[in-house]
Amino acid sequence: MTDSDNIIFDTASRILDDLSTAETINAAEEGVWPEALWQAISESGLTLTWVPEENGGAGASMLDGFAVIKAAGGAAAPIPLAETLFAGWLLTQVNLQVSGEAATVALGELSLSDGKLSGTALGVPYARGAQQIIALVESGGQTQVVQVAAEQCEISAHTNLAGEPSDQVTFKAVPAKQVAVLGNGVNGQSVEAMGALIRCVQSAGALSAALELTIEYSMERVQFGRAIGKFQALQHSIAAFAGEVAAMNAAADAAAEAVANAGGVDHDAWIEIATAKTRLEEAVNNGAAVAHQVHGAMGFTYEHSLHHLTRRLWSWRDEYGSDVVWAKRLGEEVLSWGADQLWPKITAVTDPR
Amino acid sequence: MSVTRFRFPFVEMPPAATQLRQEVREFLAQERANGGYVPMADCWASGMSAEFSRKLGQRGWLGMTWDKKYGGHGRSFLERYVVTEEMLAAGAPVMAHWIADRQSGPQLIKNAQPEVRDAIIPRIVAGECFCAIGMSEPGTGSDLASVSTKADKVEGGWKVSGTKLWSTGAHGPGCDYMITLLRTSPLDTSARHKGLSQFIIDLKSPGVDVRGIADIGGQVHFNETNFEDVFVPDSHVLGEVGGGWNMVVGELALERSGPERFLSTFIVFQEAMRLLVNNPTEQTKEVLGQVVAKIKTLRRMSLGIAGLLQEGSSPEMEAALVKDMSTNFERELLEKLRRILPQNVLASSEGLLPALLREGILRVPSSTLRGGTNEVLKGMIARQLGIR
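All values derive from a computational prediction rather than experimental measurement.

Reading guide: rules and limits
- Residues numbered from 1 in each chain as written.
- Chains lettered and ligands numbered in written order.
- Predicted model: local features only at pLDDT ≥ 70, side-chain atom pairs only at ≥ 80, totals over all residues.
- Helix = DSSP H or I, 4+ residues; strand = E, 2+ residues; numbered from the N terminus.
- Rg over C-alpha atoms; globule rule 2.2 N^0.38 Å.
- Contact = placed C-beta atoms within 7 Å.
- Buried ≥ 20, exposed ≤ 12 C-beta atoms within 10 Å, placed from the backbone.
- Pairing = 2+ DSSP bridges.
- Axes fitted to C-alpha atoms, helices over the stretch in contact; angles between N-to-C directions.
- Core = buried A, V, L, I, M, F, W, Y, C linked by C-beta atoms within 7 Å.
- Nonpolar A, V, L, I, M, F, W, Y, C, P; charged D, E, K, R; others polar.
- Expected span 1.5 Å × (residues − 1).

Focus on the overall build of chain A
Argument step 1. Of the regular secondary structure elements, chain A holds 10 helices and 10 strands.
Argument step 2. Computed over the C-alpha atoms, the radius of gyration of chain A is 20 Å, within 12% of the 20 Å expected from 2.2 N^0.38 for a compact globule of 353 residues.
Argument step 3. A principal-axis box enclosing the C-alpha atoms of chain A has dimensions of 75 × 55 × 35 Å.
Argument step 4. Expressed as a percentage of contacts within chain A between residues at least 6 apart in sequence, the contacts between residues at least 24 apart total 71%.

Topic: the overall build of chain B
Argument step 1. Scanning chain B for helices and strands turns up 13 helices and 8 strands.
Argument step 2. Here chain B has a C-alpha radius of gyration of 21 Å; the compact-globule value for 388 residues is 21 Å, and the two agree.
Argument step 3. Referenced to the eigenvectors of the C-alpha coordinate spread, the extents of chain B come out at roughly 70 × 60 × 45 Å.
Argument step 4. The 388 residues of chain B split such that 52% are buried.
Argument step 5. Here the contacts in chain B between residues at least 6 apart in sequence split such that 77% fall between residues at least 24 apart.

Digging into the sheet that holds strand 6 (residues 154-156) of chain A
All names here are of chain A.
Argument step 1. The strand order across the open sheet formed by 4 strands is 2-3-7-6, and the pairing between neighbours is antiparallel. Every interior strand has two partners, whereas the edge strands, strand 2 (109-113) and strand 6, have only one. The sheet shows a mean angle of 15° between the axes of neighbouring strands, taken without regard to direction.

Concerning the sheet that holds strand 1 (residues 103-106) of chain A
Residues and elements named next belong to chain A.
Argument step 1. One open sheet holds the 4 strands; their spatial order is 1-4-5-8, and the pairing between them is mixed. Two strands in the sheet have a free side with no partner beyond their single neighbour: strand 1 and strand 8 (178-181). With strand direction ignored, the average angle separating the axes of adjacent strands in the sheet is 20°.
Argument step 2. Bridge count for strand 5 (residues 142-149) against strand 8 is 4 bridges, and the pairing is antiparallel. Paired with Val146 across the two strands is Val179, which belongs to strand 8.
Argument step 3. Where helix 5 (residues 81-93) meets the sheet, it contacts strand 1, strand 4 (132-139) and strand 5, and its direction lies at approximately 70° from that of strand 1.

Quick word on the nonpolar core
Argument step 1. Residues Ala135(A), Leu197(A), Ile238(A) and Ala255(A) are the most contacted members of the largest nonpolar core, which totals 236 residues.
Argument step 2. Sort the elements by how many residues they give to this core and helix 7 (residues 232-262) of chain A lands first, with 18 residues.
Argument step 3. In this structure Ile238(A) touches Thr214(A), Ile215(A), Ser218(A), Val290(A), Val294(A), Ala382(B), Leu385(B) and Ile387(B), once residues within four positions along its chain are discounted.

A short note on the interface of chain B and chain A
Argument step 1. Facing 52 residues of chain B, the contacting portion of chain A comprises 51 residues.
Argument step 2. Among the secondary structure elements, those contributing two or more residues to the side of chain B that touches chain A are helix 1 (15-33), helix 8 (266-276), helix 9 (282-311), helix 10 (316-340) and helix 13 (374-385) of chain B.
Argument step 3. Among the elements that take part in the side of chain B that touches chain A, helix 9 of chain B stands out by supplying 19 residues, more than any other.
Argument step 4. For the side of chain B that touches chain A, the class distribution of residues is 26 nonpolar, 11 polar and 15 charged.

Some thoughts on helix 13 of chain B
Argument step 1. Taking 1.5 Å of rise per residue, the 12 residues of helix 13 of chain B would be expected to cover 16 Å, and the 16 Å separating its terminal C-alpha atoms lies within 8% of that figure.
Argument step 2. For helix 13 of chain B, every residue scored as buried is listed here: Leu377(B), Lys378(B), Met380(B), Ile381(B), Ala382(B) and Leu385(B).
Argument step 3. Buried residues along helix 13 of chain B sit against helix 6 (188-220) and helix 7 of chain A together with helix 10 of chain B.
Argument step 4. Looking one or two residues past helix 13 of chain B, Gly386(B) carries a phi angle of roughly 95°, positive in sign.

This is the structure:
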């Protein structure tokens with residue numbers, strides 16, 4: 001995935017640099033909707049990145065969308081940009097119309113009868129702030145995609161570790177605006193995998209940004225008469241952190257490319273996603289630890305913006321199946337390969353088909 | 001802000017790679033079945049078999065990327081990557097030719113006199129001539145500029161005296177040459193990298209004494225080589241006199257990112273899988289997921305570097321990062337497997353898997369030392385990040 005020479009990525013980065021400020025992020029945590037930031041993102045058409053032109057979207061590539069998501073992760077953007085892209089992708093999978101308004105995806109024990117949605121979904125990211133909620137309903141071996149207006153749902157505010165909305169949404173016979181059945185190999189599992197991939201890509205962006213803050217701080221902060229980055233102990237910690245950042249970016253990019261190549265989450269792409277989400281465990285654990293260690297007490301204060309990134313990393317690794325849950329899933333897959341297919345499965349990724 | 005400092009582009013193997021991989025796998029399966037080799041951990045630094053190397057030479061799997069006009073096979077770096085990673089994953093005995101194929105050959109093609117090059121390269125390609133590296137010394141490990149083995153100018157050549165250490169494979173049959181870093185002018189403490197030159201030393205020259213050194217497992221893989229007034233003709237200087245440092249730095253970069261940095265203990269995993277499939281506990285699944293996620297990611301990074309090298313970039317920081325992480329992983333893989341292998345494997349000396357595990361544990365301390373210690377690598381990374 002290239003992050004440069006790309007107008008969509010550049011547009012996203014410019015807006016995020018200008019408007020996803022520390023004040024905005026802190027205010028969002030207090031419940032203030034970052035209108036200026038959302039407005040700018042939405043007017044630029046970025047929310048429709050994954051929607052084909054014939055459905056009124058930007059018709060950009062999957063990789064363009066992932067680059068935007070990585071940028072948003074790096075900026076700790078307190079808006080449902082990734083969620084809206086995810087919702088747009090899901091609606092597009094079933095050929096439904098996409099408006100580009102703020103949207104989110106709800107997974108839970110839900111049912112649909114007579115075109116009305118009922119049940120409760122937990123941990124719905126940015127349900128507050130979304131205009132549209134796209135719910136998945138599993139019944140009789142089928143998965144339906146159901147769009148409802150957020151204003152018709154009961155939303156009770158909850159947050160993740162980063163203070164991002166992670167709400168409980170109760171649907172009491174909410175009339176569906178659009179319904180379609182998922183097909184073409186897309187099911188509830190692949191939708192969850194797509195959510196996991198989005199969190200991995202955001203995390204890769206956030207880890208990169210945390211590394212930059214850490215490098216910068218280590219060169220500014222003077223102790224014992226020299227910049228702390230001149231101490232070998234810190235140099236080695238930061239070098240190890242750089243390794244985690246490089247690995248997480250490589251793993252997230254590999255999974256994003258697999259999804260882009262398959263045009264969705266096929267089995268091979270699912271394996272790459274499982275790999276990335278599993279790899280997230282150490283990247284976050286080791287990376288955030290070094291970031292905080294180097295920043296010392298300064299980085300432990302609410303006033304410093306390091307926590308905008310690290311708290312998100314600690315949240316995102318648990319969402320859409322924790323790193324450990326995914327490790328077990330991947331392990332089960334590996335067991336199914338057996339000893340003789342272990343290596344061939346690993347190399348198949350890069351061999352021409 | 002989202003700065004991406006690191007780039008590991010997706011690399012797809014060339015179309016010829018699929019068939020090549022198949023051929024290599026069939027060859028390896030047949031050799032293993034015929035007793036041509038017994039798989040071993042860390043095979044590229046412990047599996048010495050001149051006969052096996054000759055077989056690879058006959059198949060065209062040595063000197064693959066070298067220009068045909070010098071006797072090479074003119075194939076791509078990625079095709080070579082396929083052959084090497086298959087050998088490593090299978091634990092095949094590739095030590096004899098490893099150094100010559102990986103770095104001495106390219107160095108000779110680039111910097112040797114034509115008559116010297118033409119006398120040696122075709123024999124390396126045939127698997128009939130092997131090389132060793134003479135960089136370290138008793139007083140020189142990571143701080144390579146401190147080498148003191150010297151070459152004094154004499155009529156028609158140079159007279160070499162001193163001691164080289166840790167030259168993997170120099171004692172082995174067919175190891176004819178050592179590419180040796182020598183001091184050709186006295187140390188200038190303000191420019192320590194100057195005054196070093198590389199020489200091709202024929203190990204059969206009078207005055208050369210190669211003595212094997214046993215490692216912690218009792219195996220002799222490396223050695224000490226003494227040079228006592230050894231005459232080396234002018235024709236055997238590599239490149240320019242005084243240009244040794246840059247050559248060595250270039251060689252080390254070639255060493256750093258290959259699949260041998262993360263696959264040295266893979267064969268233990270491969271064989272362990274035969275047991276693990278019978279006992280699919282939650283812990284087993286978790287461990288398998290974690291190690292496979294790491295292998296896949298490291299391979300992606302290692303191949304990304306191969307892709308960058310092919311493009312003509314020099315991804316020094318990426319290569320250092322990958323070697324640091326990969327070599328740590330080689331040890332971690334064994335430790336993770338220990339958690340899920342049954343007691344009768346861990347505490348046994350019978351059978352292939354226990355042997356591989358023991359060999360792996362005893363070999364793996366060298367992973368994070370050879371080719372630049374991980375501490376030196378981290379220093380290089382810090383410099384590239386701009387903090388050092």
